Amino acid sequence: MTALNRVPSLMARAGTASALTIAAVGGSIVAPGLAPDAQAATTATKALGIAASKKGSPYKWGATGPRRFDCSGLTLYSFKKAGKTLPRTAAQQYNKSRHISAKSRKAGDLVFFHSGSNVYHVGIYAGHGKIWHAPKTGDVVRLQKIWTKSVWYGRVG
C-alpha cells in the first residue's frame, strides 16, 4: 500500500474529512511519508472528487455544468475545476491525454469507451473497476462498474 493510499484511512481514523472531500474543495493533504511526486496526483484526485460531488446531476447532451452534464462535459468541468483544461468532446479528450495501459490506470485517469477506432464515451476512473460518468439521456451522474473491455485509458498531464 502506498503512502497516498493510506491517507484516507489515516484521516478516517482521525475523524476528519476524506482525502477526496478535501481535494474536492481545493484543500491539500499533508501526511507523514507522502512522496513529493504525490503532488502530481492532486489534479486527478481533485477532478475525481469534483465528479463524485455531481452525483445525481441530470444528463443533458452538450451540457458542461455546473448542474447538468453530458459525458465529456463532466470530465471537462471536473478537470477545469481541478486546474487543467481539456477539449470538449470525448474523442478530443482522448487525443489530448497521455495514453496508458489498463495495468497502469489510477483513480482520476480518464476511461474512454470505443467501437473500433471511434471514441464515443468518457468517464473518470474511480478505482475497483468503476467510473464516475454521465451515462445518457434520462440518466444522472453516477458511479458505475465498467461494463465492457472496449476501453482505453488516458492520463491528464
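Everything here concerns the structure above.
Residues numbered from 1 in each chain as written. Predicted model: local features only at pLDDT ≥ 70, side-chain atom pairs only at ≥ 80, totals over all residues. Heavy atoms only, no water.

S.K.: I tried to follow the overall build of the chain on my own but got confused; where do I start?
M.R.: Within the chain, the regular secondary structure consists of five helices and six strands. In the chain, the succession of α and β elements from N to C terminus is α-α-α-α-α-β-β-β-β-β-β. Looking at the chain alone, contacts between residues at least 24 apart form 50% of all its contacts between residues at least 6 apart. Accessible surface computed for the chain: about 8,800 Å², of which carbon and sulfur atoms make up 54%. (Helix = DSSP H or I, 4+ residues; strand = E, 2+ residues; numbered from the N terminus. Contact = heavy atoms within 4.5 Å. Areas by Shrake-Rupley, 256 points an atom, 1.4 Å probe, with all protein chains shown as cover.)

S.K.: Would you take a moment to explain the nonpolar core for this structure?
M.R.: Side chains of nonpolar character tend, in soluble globular proteins, to be buried together. Phe-69, Phe-79, Leu-110, Phe-112, Val-122, Ile-124 and Val-141 are the most contacted members of the largest nonpolar core, which has 22 residues in total. The leading source of residues in this core is helix α4 (residues 71-82), at five residues. Once residues lying within four places of it in the same chain are set aside, the contact partners of Val-141 are Ala-51, Lys-54, Lys-55, Gly-56, Ser-57, Phe-69, Leu-74, Trp-132, His-133 and Ala-134. (Core = buried A, V, L, I, M, F, W, Y, C linked by side-chain atoms within 4.5 Å. Buried < 20%, exposed > 50% of the residue type's maximum accessible area, 1.4 Å probe, protein only.)

S.K.: I'm lost on the pairing of strand β6 (residues 151-155) in this one. Help?
M.R.: Across a regular strand the side chains alternate sides, sitting on one face of the sheet and then on the other. Most of β6 sits inside the fold, with four of its five residues counted as buried. Two elements, strand β1 (residues 98-100) and β6, share three bridges in a ladder whose sense is antiparallel. Bridge pairing in β6 places His-99 opposite Gly-154. (Pairing = 2+ DSSP bridges.)

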